[in-house]
Amino acid sequence: MLPRTSCLDRPLSWVRKIASLPCVRPSRLVSPSVAASGGKRVAVAVRAVIALAIGGVAAGETVLGDDAAETPRVIRRSDVVFMYDNPALYEAYGCTVMGWAGRADREHIAGAHQKGVRVFASSVGFRTEFAGMIDFSPRFAEARCLNFAGEPFIVPWLWDHKHKGEPAWWFCTNSPLYRSYLRQRLERVVASGADALHIDDYTGTAGAVTWLDACFCPDCMKGFREYLRSRYDAAQLREWGVADLYAFDYGAFLRQQGITPDRYHKERTKLPLAEAFLDFHVRSVTDFVAEFRREGERLKGGPLPLAVNSNLNGPMNLAITPHLGYFCCELDHRAASREVPLQPVYAYKLADGLHRSVTSTASGGDWAYINEHRLPGLVRTWAALSYAFGHNLMAPHRMWCYTQQKGTHWYSGPTEEYVWLYRFVREHADLFDAFEAAAPLAVLYDNHSQRQGKGSIQDIVRTLADANVPFAVVVQGDDWLPGYRITGETLARYRLLVVPADLQPDSELAALLQAETEQGRAVVWSDVAAIQARLGEPVRVQGTDRVLVVPRVRTGQGGSTLAVHLLNRAYRKEDDRMDPRPPFQVLLSPDVLGRPAETFRKATLYAPRVEPVEVRLQGVEKGLQIEVPGLDFWSIVELQ
Ligand SMILES: [Zn+2]
């Protein structure tokens, strides 16, 4: 059924708004539109020179070209990733990647390689290694973060940890002393022969700005002073009430205006220089981590791919992306809902748009729930979901659990509940590795809008996935996310671009969207029916319900091959089992097939723990129909 008004009829509010948008925000030296031009490299170079000259923690612009999307793939779609090390289980699961391991030595890593582990990443924890820092220097207290009240604070979720009588202090990644400790850890990681570097809690001090009122330590005050000096002239600073930058202390500046810690906590975003202070912290940690990885590569004398624990949620958690090999992170799976979650699809699709893999675990809260209620059937749907979307949920043999009451504890997933699922992936690697999402539709993620609290695509993504509409996410970066620019060429790959209604694009993107809209290739999101009015139904399921269909395509010399993932969403909360789906049909439109329906000759259905079977294919008026004999949990139909 069509909606009364199609999304095409709605006014393009973002096009009209653009005329009144300032090109350069007060806290920026370079507008995104300038950033995309040749002017960017000059501005970046100048800023890099300033940053080098002043040294310390000054945050220069990330020195990076326009090719952030082009990075060698580290993770294969068929990889089986462990969060923590356990050589006794490598073979059972078919482990190929160590995601988050601690302090293995050279001999151990060589042994892992011999047992099939291709990528052994070693982890440095920017917030979890407080014990190491306390042992590292008797002056450790000087490296602690300070909040607006001038007090040190602990990492909130490590409240149950102690070392030598000290709690888990949150140390400042802008402190030269703490950086010395981290540098020593990096040297050990490189000396161990690790293939990749993982950083847990890589946002360090920047991650404490918006909720823990940090950081006002002397090193951050010095760094912020230098940040302001490198970006603004004296007249601009005087306008903000900064008379003398040489003696400027942001904390003191606010206190002189009568700001109390309580007010700071409640009104931070509205206070003078708040945006600049956050910008300073984000750039500072991004630059530090980027330099940390480069230093690792210098020490190693070769590539050292970087992975971080970022949930991809919001611009602050994406700023590191251009420097990343892949994400290795925690994603919320809403275990307590006892439903097959669609929430992770947002991270998977956004990561595709960023050209990075997501090796993920669920959140500490999710695993605590699974541990308490013993729900391997639910966890298996999480794993299948990740692989269906081209990413890798870690094998759940040892997962970090956390609740406010119990603190840290562990879930050791029973091997027999999970190994067959991961073995299925390993044994059919050729159904995963070279396949990309088949997507006639693209959804626009715009970082510039997101930083203004606009342009969210989470609901759009969830709604499209729920309705089996195949789509991609295309990413427009900005000065926090350089190297991602959408062009007409990007958009030519899709039949339609979907744009959030409240988008606040910069002038360059607005012009592109205007042109695309005039040619009928971009629409403002309203609902699925409006999309279907334009594209028809690229995927349709007949004869049953609650089946998620994810078509993936591999382009080869003999024409495209499809791997169509079928996931049963009929999970029975009461007994942790799937409600099997009866026989049904899947119809794929020419948009998804990529070649004429009649050229597909063979369909083979693969599923865990059963032999592959051939299934019937039939050309129909609007594409190709697959006869699926039923669905237990997860199947893949290969179309050749
Ligand atoms: Zn600090």
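Structure: see above.
Values in this document were obtained by computation on a predicted structure and should not be read as measured data.

1. Regarding helix H14 (residues 343-353)
Now for step 1: Counting buried positions along H14 yields 10 of 11 residues, so the element is predominantly enclosed.
Now for step 2: When H14 is considered as a whole, its buried residues turn out to be Pro344, Val345, Tyr346, Ala347, Tyr348, Lys349, Leu350, Ala351, Asp352 and Gly353.
Now for step 3: A positive backbone phi angle near 60° is found at histidine 355, which sits one or two residues after H14.

2. Some details on the packing of helix H9 (residues 218-231) against helix H13 (residues 274-300)
Now for step 1: Axis separation between H9 and H13 bottoms out at 10 Å; the angle between their running directions is 105°. One element, H9, and the other, H13, form an angle in the roughly perpendicular class. The residues of H13 that touch H9, namely those facing Gly223, Phe224, Tyr227 and Leu228, are Ala276, Phe277, Phe280 and Ser284.
Now for step 2: Here the contact of H9 with H13 is built from residues that sort into 6 nonpolar, 2 polar and no charged.

3. Some details on the sheet that holds strand S16 (residues 496-499)
Now for step 1: Here we have 4 strands laid out as an open sheet, ordered S15-S14-S16-S17, and parallel in their pairing. Whereas interior strands pair on both sides, the edge strands pair on one side only; in this sheet they are strand S15 (471-476) and strand S17 (522-524). Between one strand and the next, the sheet's axes are offset by a mean angle of 30°, whatever the strand orientation.
Now for step 2: Across the face of the sheet, helix H21 (residues 507-518) comes into contact with strand S14 (441-446), S15, S16 and S17 while running at roughly 105° to S17.

4. Let's talk about the pairing of S16
Now for step 1: For S14 and S16, the ladder comprises 3 bridges, and the chain directions are parallel. Residue pairing across strands places leucine 441 opposite leucine 496, the latter belonging to S16.
Now for step 2: The sheet contact formed by S16 and S17 spans 3 bridges and is parallel. Paired with valine 499 across the strands is valine 524, a residue of S17.

Reading the values: rules and limits
- Residues numbered from 1 in each chain as written.
- Predicted model: local features only at pLDDT ≥ 70, side-chain atom pairs only at ≥ 80, totals over all residues.
- Buried ≥ 20, exposed ≤ 12 C-beta atoms within 10 Å, placed from the backbone.
- Helix = DSSP H or I, 4+ residues; strand = E, 2+ residues; numbered from the N terminus.
- Axes fitted to C-alpha atoms, helices over the stretch in contact; angles between N-to-C directions.
- Parallel < 35°, antiparallel > 145°, perpendicular 65-115°, else oblique.
- Contact = placed C-beta atoms within 7 Å.
- Nonpolar A, V, L, I, M, F, W, Y, C, P; charged D, E, K, R; others polar.
- Pairing = 2+ DSSP bridges.

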